Structure formats: C-alpha cells, structure tokens
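Chain by chain, the residues run as shown.
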There are 2 protein chains.
Amino acid sequence: MKDKRIPLSKQKEIEQQFLQALGKKIRKLRFENDNMSQEALGLECNLDRTYIGGIERGERNPTVLNLKKIADALGVSVEQLFSEGSK
Amino acid sequence: MKDKRIPLSKQKEIEQQFLQALGKKIRKLRFENDNMSQEALGLECNLDRTYIGGIERGERNPTVLNLKKIADALGVSVEQLFSEGSK
DNA sequence: ATGTGACTCTAAGTCCGTT
DNA sequence: GAACGGACTTAGAGTCACA
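Worth saying up front: this structure is predicted, and the values here are computed from it rather than measured.

J.: Mind showing me how you'd approach the overall build of chain A here?
T.: Check the secondary structure of chain A and you find 5 helices and 0 strands. Reading chain A from its N end, one meets helices and strands in the order α-α-α-α-α. Each principal axis of the C-alpha atoms in chain A carries an extent, and together these give about 50 × 25 × 20 Å. Of all 87 residues assigned to chain A, the portion counted as buried reaches 43%. Here the analysis covers contacts within chain A between residues at least 6 apart in sequence; of these, 57% occur between residues at least 24 apart. Surface exposure of chain A reaches about 5600 Å², of which carbon and sulfur atoms provide 48%. Both charge centroids of chain A, one from 16 positive and one from 13 negative side chains, sit 5 Å from each other.

Below is the structure:
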C-alpha cells in the first residue's frame, strides 16, 4: 500500500470542496422548499441571512448545531444535508 | 395544527440530546474500529484527545470540518455519523 | 433578495495537569 | 485508557453597512 497521507495543501483544498458541496446542497434544498429566500430561512432558524449566505457559498465552517437548525427549518434531517446524488 | 414553535428551554434540551446522540455514535464507531482509543483517533485526525472525549460525551459542538476529519479517520462518511439505527 | 468585507465577542479547539 | 478541570489561543458565531 502506498502512503495514505495527504499533503496539507491538498487537504485544505478538499475541505473547501466539502464545504462548497454542503453549501450547494443547502441552497438546493432551500429552492426546493417553496423557493425560500436566504432571509426567510435565516428567520426560520434564528440565524442571520448573511451567515446563511456564507454557508451556501462554502465560506463558513458551521457547527453541527447550526446545521441542525438549518436542516430543521428545511424540513430535512441533518443526514440528508450530506447525502449525495439520490433524488 | 398546533403551534410548531418550541420553547427555548426545550430547544436547548433537544440540542443536548442531539450532540449526545452524535457522540454515542462516534464512540460506537470508534470501538468498532479495532477498539481504537480516543488518543489514537485524535492522532489520526489531528485533534486533541480531550476534545474527542468532549464530543463523545456530547459536551462539544464541533464544526463540520472536524466531523469530517473524524469520519475520515473512522473510515465512514459524515452522513453515517448522523444515520440512525440501521447498522 | 444576495454578495462581501470588516468588525466584536463567544465558543471552538489546544495543552497542561490530576483523578 | 478515559473523565474532568484550568488556562490559554484561535477560529467561528453573529451582526452591519454597503455594493
């Protein structure tokens, strides 16, 4: 087996992609939720709209509890925020 | 339909349960992973051992990226950290 | 209705130790 | 090996004015 380790620079890149994928997913779910606006979603879960926007753009590294708030407001489970393709 | 809103005090309680469920899950996966120690897991994902312990006890509110690190170290997807029952 | 930069302040996360 | 505590640094929470 080769070296499993990943260069730190690559690691950062991967993490960025991960956050962006998460953001895209949230945005998608938001649109599917009656074309809700970031503002409306922010109101639902008591988070600032700019904060929501930042997450959707993958610029934020949110905590689980905030993810849960968002998932709740979107009517999905946290698990679904991380699920790929299906649907 | 009754009031969907939840008293803030209850909300905190629910969040605690959520973090604890997550912690239990991680602990379970850690044991299933060759009875790995918190210390070894911490080393794997570059996180402090006391921090891992705190998460498992539901006392911490970790960020997604750290969850991803842990999931990676445990050889599972982040999604699986939130999946219920079904093995 | 959203993107962005900048800001304050709280909590995330580390490191030391003892039980 | 893990729980728990104290003290500490840094990153994220949370907010705003403006494009």
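J.: So what exactly am I meant to see when it comes to the protein's contact with DNA strand D here?
T.: The environment of DNA strand D is formed by 20 residues, the closest being Tyr51(A), Thr63(A), Arg27(B), Arg30(B) and Gln38(B). Among atoms of DNA strand D positioned within 4 Å of the protein, sugar and phosphate together represent 65%. Within the contact set of DNA strand D, a phosphate oxygen lies 2.8 Å away from a side-chain nitrogen or oxygen of Tyr51(A). A distance of 2.8 Å is found between a phosphate oxygen of DNA strand D and a backbone nitrogen or oxygen belonging to Thr63(A). Among the secondary structure elements, those contributing two or more residues to the surface near DNA strand D are α3 (49-56) of chain A together with α1 (8-32), α2 (38-44) and α3 (49-56) of chain B.

J.: Even after reading the chapter, I still don't get the interface of chain B and chain A, so can you show me in this structure?
T.: Think of interface size as the accessible area that goes away when the parts come together; that is how it is often given. On the side of chain A, 18 residues touch chain B, which itself brings 18 residues to the contact. Summed over both partners, the interface of chain B with chain A comes to about 1800 Å²; 73% of that surface belongs to carbon and sulfur atoms. Where chain B touches chain A, the interface holds 0 salt bridges. Across the chain B-chain A interface, the total number found is 8 residue pairs in polar contact (both at pLDDT 80 or more). The set of elements that each furnish at least two residues to the side of chain B that touches chain A consists of α1, α4 (64-74) and α5 (78-82) of chain B. Broken down by class, the residue content of the side of chain B that touches chain A amounts to 10 nonpolar, 3 polar and 5 charged.

J.: What should I look at first to understand the protein's contact with DNA strand C in this one?
T.: Surveying the vicinity of DNA strand C reveals 21 residues, the closest of which are Gln38(A), Tyr51(B), Arg60(B), Thr63(B) and Asn66(B). The sugar-phosphate backbone supplies 60% of the atoms of DNA strand C found within 4 Å of the protein. Interatomic distance of 2.6 Å between a side-chain N/O atom of Arg60(B) and a base nitrogen of DNA strand C. The separation between a phosphate oxygen of DNA strand C and a polar side-chain atom of Asn61(B) is 3.2 Å. Of all the secondary structure elements, the ones that give two or more residues to the surface near DNA strand C are α1 (8-32), α2 (38-44) and α3 of chain A together with α3 of chain B. For the surface near DNA strand C, the class distribution of residues is 3 nonpolar, 9 polar and 9 charged.

J.: Before we go on, may I ask you to explain the packing of aromatic side chains in this structure?
T.: In this description, a pair of aromatic rings is defined by centroid distance and the angle of the planes. Within this structure, the stated rule accounts for 3 aromatic pairs over all chains. Each ring, one from Phe18(A) and one from Phe82(A), has its centre 6.1 Å from the other, and the planes form 15°; the classification is stacked. Of this pair, Phe18(A) sits in helix α1 while Phe82(A) sits in helix α5 (residues 78-82); the two residues are 64 residues apart in sequence, bridging distant segments of the chain. Assessed through its relative accessible area of 17%, Phe18(A) is described here as buried. Judged by relative accessible area, which is 9%, Phe82(A) ranks as buried. Directly above the ring of Phe18(B) sits Lys68(A), whose terminal nitrogen or CZ lies 5.1 Å from the centroid.

Criteria and cut-off values
Residues numbered from 1 in each chain as written. Chains lettered and ligands numbered in written order. Predicted model: local features only at pLDDT ≥ 70, side-chain atom pairs only at ≥ 80, totals over all residues. Heavy atoms only, no water. Helix = DSSP H or I, 4+ residues; strand = E, 2+ residues; numbered from the N terminus. Buried < 20%, exposed > 50% of the residue type's maximum accessible area, 1.4 Å probe, protein only. Contact = heavy atoms within 4.5 Å. Areas by Shrake-Rupley, 256 points an atom, 1.4 Å probe, with all protein chains shown as cover. Lys, Arg positive; Asp, Glu negative; His and termini not counted. Charge placed at Lys NZ, Arg CZ, Asp CG, Glu CD. Near = heavy atom within 4 Å. Polar contact = N/O pair within 3.5 Å; in protein donor to acceptor, adjacent residues only side chain to side chain. Buried area = accessible area lost by both parts, 1.4 Å probe. Salt bridge = Lys/Arg side-chain N within 4 Å of Asp/Glu carboxyl O. Nonpolar A, V, L, I, M, F, W, Y, C, P; charged D, E, K, R; others polar. Phe/Tyr/Trp six-rings, centres within 6.5 Å; stacked < 30°, edge-to-face > 60°. Lys NZ or Arg CZ within 6 Å of the ring centre and 35° of its normal.

Treat this as a map of the structure, not an account of what it does.
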